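Results of the structural survey
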Amino acid sequence: MQTEVFAPWDDPDQKPLIRFKSVKKQFGDFTAIQDLSLDIFEKEFFALLGPSGCGKTTMMRMLAGFETPTSGSIELAGQDIGSVPPNKRSVNMMFQSYALFPHLSIWENIAFGLKRSKMPKGEIEARVEEMLRLTRLEKFKARKPHQISGGQRQRVALARSLAKAPKLLLLDEPLAALDKKLRQDTQFELMDIQEKTGTTFVIVTHDQEEAMTVASRVAVMDEGRLMQVSTPATIYEAPNSVYVADFIGEVNILSGHAKPAGDGLYAVTWADGQPPVIAASNTPYSDGQQVHLAIRPEKVAISEAKPDAENAVEGKVLDIAYLGNLSTYHIALAGGQIIKAQTANTQRISRRSFTWEDTVWLSWTPTAGVLLDQ
Amino acid sequence: MTRLSWFNVVSLTVGFAFLYIPILILVIYSFNESKLVTVWAGFSTKWYAELMQNEAFLNAAWVTVKVAVFSSTIATVLGTMAAYVLVRGGRFTGRTVFSGMVYAPLVMPEVITGLSLLLLFIGLNLDRGVLTIVLAHATFSMCYVSVVVSARLMTFDRALEEAALDLGASPFEAFRLVTLPIIAPSVIAGWLLAFSLSLDDLVIASFTSGPSATTLPIKIFSAVRLGVSPEINALSTIMIAIVTLGVITASLITKRNAVRQQRDQQLAERTS
Ligand SMILES: Nc1ncnc2c1ncn2[C@@H]1O[C@H](COP(=O)(O)OP(=O)(O)OP(=O)(O)O)[C@@H](O)[C@H]1O
Ligand SMILES: [Mg+2]
């Protein structure tokens, strides 16, 4: 796996390609980015994820040079780029709206950036043809942007921003307009291009699945702050806060008070009339500290008889969501809490073992979830 | 097709009659044989022939065209620049004052504009002639261009300029290669507006013209005060013909563009 060898963020000797140093950005008296520090390394595929209005586009625009930080600095390859205008940065951006030049043909759109450099004519032509081939647009090169389909337009925008082979490519929700199938194809295409060209990508997305698919690292943002920056697997399996756990994928949260039980185990009393649940944690918690246990639905097992497990609770099937490959059960406990459990539908015609109103047992191991203090 | 009610038919007829009967009469009488404007004496084109011999009228026509071309070109350049700064410049200090000042001449009585320009030219010791009329016309028609162009710029997608900058174009290149070609239709419309404003301006021209250069409207106006002659009818008919031709051409171009746009769009939808 590429991710196992490629981890420059763990290497203290690595120089980052981009460095945000306590960057703050205000619009009037509204603070869009608050004291943000972040390193992004060469050849990374870095995803920015967060709810609408959390400042993702603002970060991209600061990298591209369309906004200047109110305070703090941004370095590109060790140089402060604060005073460098957008047209002098070796950074290209693929706009959320594509921003194709409507009066120019596809060919000329892609050649636009190359023509602004001192590149000889022959080389420009060769480069544009290469880009057209890469994005499979050869047939459409003579057309204008309004004469091609949405998906083709998106590929033109990508080709145009790739043509200059920038050190850094910014993609602002590049695939938002595409249907799911085309989006997945394009995601793999992007990863392919990234591997071939070695360009550093920063991608903004609303879609957490997309971030998990393409990214080497993911940053989860909220209200102008970075909540967690990690590999997709870490973000999913070891989120550092309830916010991140909740934002990425589905999760059950059991809130209660911790009581150390030795061996890195904690007993969490989380509801009246329920036995405490046992959870393992590397982070120590003191006796009686408020904690939240975050546990993914697919790590909760569901059975008819009481299983022989450390954590087992009884409940009633409230709802079943059939998703094709998976089924999610919503189980109501005696205290009214609802826990989601997910099972894979591995057999084509599976006899459904549980149905509405059935009494079932839920169980999970002490290491199945993470304990969080916020 | 919806049928028009009798009320609509009547209002349409009255409206058009109101607008066009005076012009129609003028055109008909330009082909009148008689020297008396009010008496019809048979069809003839002799006044047109006579007009071609009239040195003073031809000179004035030439001055008018020269003034219109130069002043509308200057006004278009300045007006586009002003619109660009006012729409794009963000909230720089004094923006409100500037935009107010650009639009003020729109509502200023022409007499006052003319008079103040006259005082300026006298103060600068400029001889009144083609140059002063060009400057005066550029001054007042610039605001019209600015209004037309800034209306277009308001709806212009800023991301296109940013994309150009992002791809390494300088701000001027971004304007020349992206913004200008896209807003060109409204810049041309602004030029045409300035051109026609200059063609028929009487008041400001009469303040700023001198003995060395007279424009057609001034010439016609002073000639009419000595009595309407069929020659003037002929001249006016020619002007009407030119204007009509211009309007028809402009609307044909617009129409053709719209049709092409629609066809392209359909093509895009089919291939998507
Ligand atoms: N030019 C501006 N003036 C004032 N406020 C702005 C400006 N640009 C952005 N903001 C504000 O800054 C915040 C962050 O905006 P930003 O565009 O970065 O959000 P985003 O994370 O990209 O959201 P989305 O996912 O909806 O695109 C928003 O609350 C927005 O209203
Ligand atoms: Mg955004």
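Residues numbered from 1 in each chain as written. Chains lettered and ligands numbered in written order. Predicted model: local features only at pLDDT ≥ 70, side-chain atom pairs only at ≥ 80, totals over all residues. Heavy atoms only, no water.

Along the backbone of chain A there are nine helices and 20 strands. When its C-alpha atoms are laid out on the principal axes, chain A stretches across 75 × 50 × 40 Å. Sorting the 374 residues of chain A into buried and exposed places 49% on the buried side. Long-range pairs, those at least 24 residues apart, make up 67% of the contacts in chain A between residues at least 6 apart in sequence. Entry remark: accessible area of chain A is about 17,700 Å², with carbon and sulfur atoms responsible for 49%. Computing the positive centroid from 41 side-chain charges and the negative centroid from 45, chain A places the two 11 Å apart. (Helix = DSSP H or I, 4+ residues; strand = E, 2+ residues; numbered from the N terminus. Buried < 20%, exposed > 50% of the residue type's maximum accessible area, 1.4 Å probe, protein only. Contact = heavy atoms within 4.5 Å. Areas by Shrake-Rupley, 256 points an atom, 1.4 Å probe, with all protein chains shown as cover. Lys, Arg positive; Asp, Glu negative; His and termini not counted. Charge placed at Lys NZ, Arg CZ, Asp CG, Glu CD.)

Below, the discussion takes up the overall build of chain B. Broken down by element type, chain B carries 11 helices and zero strands. Helices (α) and strands (β) of chain B occur, in sequence order from the N terminus, as α-α-α-α-α-α-α-α-α-α-α. Taken against the 2.2 N^0.38 rule, which gives 19 Å for 272 residues, the C-alpha radius of gyration of chain B at 23 Å runs more than 25% over that of a compact globule. For chain B, the spread of C-alpha atoms along the principal axes amounts to about 70 × 65 × 35 Å. (Rg over C-alpha atoms; globule rule 2.2 N^0.38 Å.)

Next up on the list: the packing of helix 3 (residues 106-116) of chain A against helix 5 (residues 150-162) of chain A. Residues and elements named next belong to chain A. For the pair helix 3 and helix 5, the least separation of the axes is 7 Å and the interaxial angle reads 30 degrees. Between helix 3 and helix 5, the crossing angle belongs to the class labelled roughly parallel. The two elements helix 3 and helix 5 meet at a crossing, and its hand is right-handed. Residues Ile106, Asn109 and Ile110 of helix 3 form the contact with helix 5, whose own contacting residues are Val156, Ala159 and Arg160. Broken down by class, the residue content of the contact of helix 3 with helix 5 amounts to four nonpolar, one polar and one charged. (Axes fitted to C-alpha atoms, helices over the stretch in contact; angles between N-to-C directions. Parallel < 35°, antiparallel > 145°, perpendicular 65-115°, else oblique. Left-handed = near helix turned anticlockwise from the far one by under 90°. Nonpolar A, V, L, I, M, F, W, Y, C, P; charged D, E, K, R; others polar.)

Let's shift gears to the pairing of strand 11 (residues 252-260) of chain A. Residues and elements named next belong to chain A. Across six bridges, the pairing between strand 11 and strand 14 (residues 290-295) is antiparallel. Bridging across to strand 14, leucine 254 finds its partner in leucine 293. Here strand 11 hands over to strand 12 (residues 265-269) after four residues, with glycine 262 in that stretch at a positive phi of 80 degrees. (Pairing = 2+ DSSP bridges.)

Right, let's get into the nonpolar core. Counting 53 residues, the largest nonpolar core has Ile18(A), Phe20(A), Phe101(A), Leu168(A), Leu170(A) and Val202(A) as its most contacted members. Among the elements that make up this core, the one with the highest residue count is helix 8 (residues 171-199) of chain B (six residues). With near-sequence residues (within four places) excluded, Leu168(A) lies in contact with Leu17(A), Ile18(A), Leu63(A), Leu76(A), Ser90(A), Val91(A), Asn92(A), Thr199(A), Thr200(A) and Val202(A). Residues Leu162(A), Ile203(A), Val214(A) and Ile235(A) belong to the second largest nonpolar core, which totals 40 residues. (Core = buried A, V, L, I, M, F, W, Y, C linked by side-chain atoms within 4.5 Å.)

So, on to the sheet that holds strand 9 (residues 217-222) of chain A. Residues and elements named next belong to chain A. Taken together, six strands build an open sheet; the order of strands is 6-7-8-3-9-10 and the sheet is mixed. This sheet does not close on itself; its edge strands, each paired only once, are strand 6 (91-94) and strand 10 (225-230). The average undirected angle you get between the axes of adjacent strands in this sheet is 20 degrees. The strands touched by helix 2 (residues 56-64) are strand 3 (45-49), strand 6, strand 7 (168-172), strand 8 (200-205) and strand 9; relative to strand 7, the strand with the most contacts, the crossing angle is about 150 degrees. Packing of helix 6 (residues 180-197) onto the sheet brings it into contact with strand 3, strand 7 and strand 8, and relative to strand 8 it is tilted by some 160 degrees.

Residues and elements named next belong to chain A. The pairing of strand 17 (residues 326-333) with strand 18 (residues 338-344) spans seven bridges and is classified as antiparallel. From the neighbouring strand, alanine 332 faces strand 18, where its bridge partner is isoleucine 338. Linkage of strand 17 to strand 18, two consecutive antiparallel strands, is achieved through a turn of four residues, within which glycine 336 is found at a positive phi near 100 degrees.

All names here are of chain A. As for its placement among the helices and strands, serine 327 is situated in strand 17. Residue serine 327 is classed as buried on the basis of its relative accessible area, which comes to 4%. Among the polar contacts listed, one links the side chain of serine 327 to the side chain of asparagine 345, at a separation of 3.2 Å. Residues contacting serine 327, with those up to four places away along its chain left out, are Ala321, Tyr322, Ala341, Gln342, Thr343 and Asn345. (Polar contact = N/O pair within 3.5 Å; in protein donor to acceptor, adjacent residues only side chain to side chain.)

Residue and element names in this part refer to chain A. Domains assigned within chain A are domain 1 (8-243) and domain 2 (250-372). When each unit is reduced to the centre of its C-alpha atoms, the spacing between domain 1 and domain 2 is 39 Å. Facing eight residues of domain 1, the contacting portion of domain 2 comprises seven residues. Carbon and sulfur atoms make up 59% of the surface buried where domain 1 meets domain 2, a total of about 620 Å² over both sides. Across the salt bridge formed by glutamate 237 and lysine 299, the nearest N and O atoms sit 3.1 Å from each other. At the surface where domain 1 touches domain 2, the tally comes to three residue pairs in polar contact (both at pLDDT 80 or more). In terms of residue count, helix 8 (residues 232-237) provides more of the side of domain 1 that touches domain 2 than any other element does, three residues in total. (Domains from an automatic or database assignment. Buried area = accessible area lost by both parts, 1.4 Å probe. Salt bridge = Lys/Arg side-chain N within 4 Å of Asp/Glu carboxyl O.)

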